[in-house]
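These are the residues of each chain, in order.
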Amino acid sequence: MTVFSLCLLLCADLLDFAVGYLTVTIEPLPPIVVGETVTLKCNFKTDGRLREIVWYRVTDGGTIKQKIFTYDAMFNTNYSHMEDYRRREDLVYQSTVRLPEVRISDNGPYECHVGIYDRATREKVVLASGNVFLTVMSPPNNISVVAENTPAAFSRYQAQNFTLVCTAKGGKPAPSVYFKRDGELIEVISYTQASGEQGGGSAGVRGARPFSRDLDDTKLQRSLSLLDPEGRVPRLHTESPHQRVRTQGQKSYEPSPATEVIPETVVSREFPRWVHSTDPLYYFSHTNIPQSDGSVVVQARLTWTLNPQLDNDALFSCEVKHPALSMPMQTEVTLAAPKGPKLFMSPTRAKVGDTVRITVQGFQNEVFPEPLFTWTRVGGRLLDGSAESAGKELILERVPAELNGSMYRCTAQNPLGSTDTHTRLIVFENLSMMKNTQNPNNGASRVDMLGLTWMALVLTVTVELT
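To start, this report covers the structure provided alongside it.

Thresholds, definitions, all that
- Residues numbered from 1 in each chain as written.
- Predicted model: local features only at pLDDT ≥ 70, side-chain atom pairs only at ≥ 80, totals over all residues.
- Heavy atoms only, no water.
- Helix = DSSP H or I, 4+ residues; strand = E, 2+ residues; numbered from the N terminus.
- Buried < 20%, exposed > 50% of the residue type's maximum accessible area, 1.4 Å probe, protein only.
- Contact = heavy atoms within 4.5 Å.
- Areas by Shrake-Rupley, 256 points an atom, 1.4 Å probe, with all protein chains shown as cover.
- Pairing = 2+ DSSP bridges.
- Disulfide = S-S within 2.5 Å.
- Salt bridge = Lys/Arg side-chain N within 4 Å of Asp/Glu carboxyl O.
- Polar contact = N/O pair within 3.5 Å; in protein donor to acceptor, adjacent residues only side chain to side chain.
- Axes fitted to C-alpha atoms, helices over the stretch in contact; angles between N-to-C directions.
- Phe/Tyr/Trp six-rings, centres within 6.5 Å; stacked < 30°, edge-to-face > 60°.
- Core = buried A, V, L, I, M, F, W, Y, C linked by side-chain atoms within 4.5 Å.

**Focus: the overall build of the protein**
So, step 1. Along the backbone of the protein there are 4 helices and 30 strands.
So, step 2. Here the protein holds 466 residues, and 38% of them are scored as buried.
So, step 3. Here the contacts in the protein between residues at least 6 apart in sequence split such that 65% fall between residues at least 24 apart.
So, step 4. Carbon and sulfur atoms form 53% of the exposed surface of the protein, whose accessible area is close to 26900 Å².

**Points about the sheet that holds strand β18 (residues 283-290)**
So, step 1. Spatial strand order, β12-β13-β19-β18-β16: 5 strands in an open sheet with mixed pairing. One side of each edge strand has no neighbouring strand; the edge strands of this open sheet are β12 (142-147) and β16 (189-190).
So, step 2. Here strand β13 (residues 161-171) pairs with strand β19 (residues 296-305) via 9 bridges, running antiparallel. Within β19, the residue paired with Thr163 across the bridge is Thr303.

**Observations regarding the environment of Thr419**
So, step 1. Of note, Thr419 is situated in strand β29 (residues 417-424).
So, step 2. Each C-alpha atom, one on Thr419 and one on Lys339, is 6.0 Å from the other, the two residues being 80 residues apart in sequence.

**A few points about the state of the cysteines**
So, step 1. Taken as a whole and judged by the stated rule, the model has 2 disulfides.
So, step 2. The residue that forms a disulfide with Cys42 is Cys112, at a sulfur-sulfur distance of 2.1 Å. Taking the torsion about the S-S bond as the criterion, the Cys42 to Cys112 disulfide, at about -90°, is left-handed. With Cys42 in strand β3 (residues 38-46) and Cys112 in strand β9 (residues 108-117), this residue pair connects regions lying 70 residues apart in the sequence.
So, step 3. Assessed through its relative accessible area of 2%, Cys42 is described here as buried.
So, step 4. For Cys112, a relative accessible area of 0% puts it in the buried group.
So, step 5. A disulfide bridge connects Cys166 with Cys318, and the sulfur atoms are separated by 1.9 Å. Across the S-S bond linking Cys166 and Cys318, the dihedral sits near -75°, which makes this disulfide left-handed.

**Observations concerning the pattern of salt bridges**
So, step 1. Per the stated rule, a full pass over the model turns up 7 salt bridges.
So, step 2. Between Arg181 and Asp182 there is a salt bridge, and its shortest N-O distance comes to 3.9 Å.
So, step 3. When its relative accessible area of 36% is taken as the criterion, Asp182 is described as partly exposed.
So, step 4. Taken together, the shared-partner salt bridges in this structure form one network comprising Arg181, Asp182 and Asp311.

**Here's the deal with the side chain of His113**
So, step 1. Mapped onto the secondary structure, His113 falls in strand β9.
So, step 2. Engagement of the side chain of His113 in a polar contact is seen with the side chain of Glu111, the distance being 2.9 Å.

**A short note on the sheet that holds β9**
In a beta sheet, neighbouring strands pair by backbone hydrogen bonds and run either parallel or antiparallel.
So, step 1. Strand order in the open sheet formed by 5 strands is β6-β5-β4-β9-β10, with antiparallel pairing between adjacent strands. At either end of the open sheet lies a strand with only one pairing partner, and these are β6 (77-80) and β10 (125-134). Averaged over all adjacent pairs, the angle separating strand axes in this sheet is 25°, with direction ignored.

**Comments concerning the packing of aromatic side chains**
So, step 1. All chains considered together, the criterion is met by 6 aromatic pairs.
So, step 2. With 6.2 Å between their ring centres and 75° between their planes, Phe179 and Phe284 make a pair best called edge-to-face. Placement of Phe179 in strand β14 (residues 176-181) and of Phe284 in strand β18 is noted, with a sequence separation of 105 residues between them.
So, step 3. What makes Phe179 buried here is its relative accessible area of 3%.
So, step 4. For Phe284, a relative accessible area of 4% puts it in the buried group.

**Here we look at the nonpolar core**
So, step 1. Membership of the largest hydrophobic core comes to 28 residues, with the highest contact counts inside it found for Leu164, Phe179, Leu302, Trp304, Phe316 and Leu335.
So, step 2. Of all elements in the fold, only β12, β13, β14, β19 and β20 (315-321) reach the threshold of two or more residues within this core.
So, step 3. Here the element with the most residues in this core is β19; it accounts for 5 residues.
So, step 4. Not counting the four nearest positions on each side in its chain, Leu335 is found in contact with Phe162, Trp304, Leu306, Asp311, Asn312, Asp313, Ala314, Phe316, Phe368 and Leu416.

**Looking at the pairing of strand β22 (residues 342-346)**
So, step 1. Of the two faces of β22, only one is covered, namely that formed by Leu343 and Met345; the face formed by Lys342, Phe344 and Ser346 stays uncovered.
So, step 2. Where β22 meets strand β24 (residues 356-362), 5 bridges bridge the pair, whose relative direction is antiparallel. Of the residues in β24, the one forming a bridge with Leu343 is Val360.

**Some words on the pairing of β29**
So, step 1. Counting buried positions along β29 yields 8 of 8 residues, so the element is predominantly enclosed.
So, step 2. On β29, burial covers both faces: Gly417, Thr419, Thr421 and Thr423 on one face and Ser418, Asp420, His422 and Arg424 on the other are all buried.
So, step 3. Relative to β29, strand β28 (residues 407-414) runs antiparallel, the two sharing 8 bridges. Paired with Arg409 across the bridge in β29 is His422.
So, step 4. Hairpin connection from β28 to β29: 2 residues lie between these consecutive antiparallel strands.

Just distances and angles here, no functional claims.
Written out as C-alpha cells, the structure is:
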C-alpha cells in the first residue's frame, strides 16, 4: 500500500469521526378511527452519542410547530409540553410516543427531531428529522331523514314534486349517502342544484326501477263521482249547530254529559287523472358542509313526482357508508297519509264560560311526512270570527251557550292524502254563573219589599196620630 492510499484512509477516518452518522425515518401510519390508540415511532440510526429526541405537531400549513414531547438523553428523562397538564402522550421507548383515545383535532402532520453530539467538538448538536401524517377518521354520529317543505297540503288535481332530505353529521371524511325503496337500491339521475351545490349519485344516471302496484280504475271513477261541481270533495256543510244528528238505531241525538266524537272520518284515497302508471324518475343531489372540527355534514336530496297511489305505505331508507364503519348506518321512514285523527276535548264536560281546547292526540297509523292541520266549524265561522284555524289545537275561549251542539271539523293532510274528523261540542249550564246573575236581582227585590213595608208602617202611624 502506498503512502498516498494510507493518507486517504486516514483522512476518511478523521472525517467520519468528526461528522458522525445520523438518519431518521418514520413508518407511515394507516388511517386511525376516533377513540383508538396510535403509536408514533421514530426510527434513527447513528454512531454518535444521543442528545435528545423531540416530537412536534405541525399546524397552520407548517408555519407553527408545537412541541408535544421531549426525551433528554443526558438526564434520561422525558416530559410532555401540553399546557392543560392532562397528559395524553406517553413515551414508550425513547423515540416512540403513544396517543390514546385519538380525537379529530389530532389529525395532521407530526415531526420527530433527533439530536446527537458533534464528535469533533462535543458541544455542537447535529440534528436530523422525519415526518409522518396522522389521518384521523370519524364515522357519522347522527343520520336523519325529513321531508322538505313540510307540513304541506294534499293536492288532488295537480302533480307535486316531493323531496326527502337525508342528513349525516359528524363524518370525516365525508361519507357516501344513497337511498333505497322497499329494500332495493334506487337508481337515480344525478344533478347539480341551481345554487351551485355539487350533485352526485352513487347509482349513476339510469332509469327508475319498475313497481308492481297497478292503478285501480274503480278508485279513479269513484273519485270523480264524489266531486262537487266546483271540483271539491263534499263535506257536511248542511247541518246547522242546532240540528239534531240522527244515527242508525237512534231516533234522535240525546245530549251526553261529555263531548261526543262523531265517527264521520273520510280518508281521501281516491286519485286524480294525472296519476299515470309510468315508472317514477328519481333525481339525486348532495351537499358537503365542512365543520370547524374537521368533520363534514352531508345533505342528500331525493326528488321525484309523488304518486299517492303508488307511494303510500312505501318504505324509504337512507344508508350511509364510511371507511370507519364495518357496515352501513341506516334510517328509514314509511310514507303514509293520515287516517282518523284522535281528538281530545278539555274539559270533557264543558260549561258556559269555560275555555275549551280540542287537541289532536294521534292517529290510527304512523304518519309521514308531518301533517297540516286545519280547523273549521260546520255551517258557520269559528268563535273568533275566522273561517278556519291552523295547528294541532283549537282553542275556544269563554264558550257561550249558543255553541251547544255545534260541530267542528279537523282536517289533517299531507302530500299523500287528507282526512276529516268531526266532533260535537256539548255545552252545559253553568250554575255558578246563574247564581251570580240571580243574586243581585233577588237582593234588590228584598230591599224594595223592606222599603215598602217601612213606608206602610209610617203611613199607618201617621194616620192614627192625626
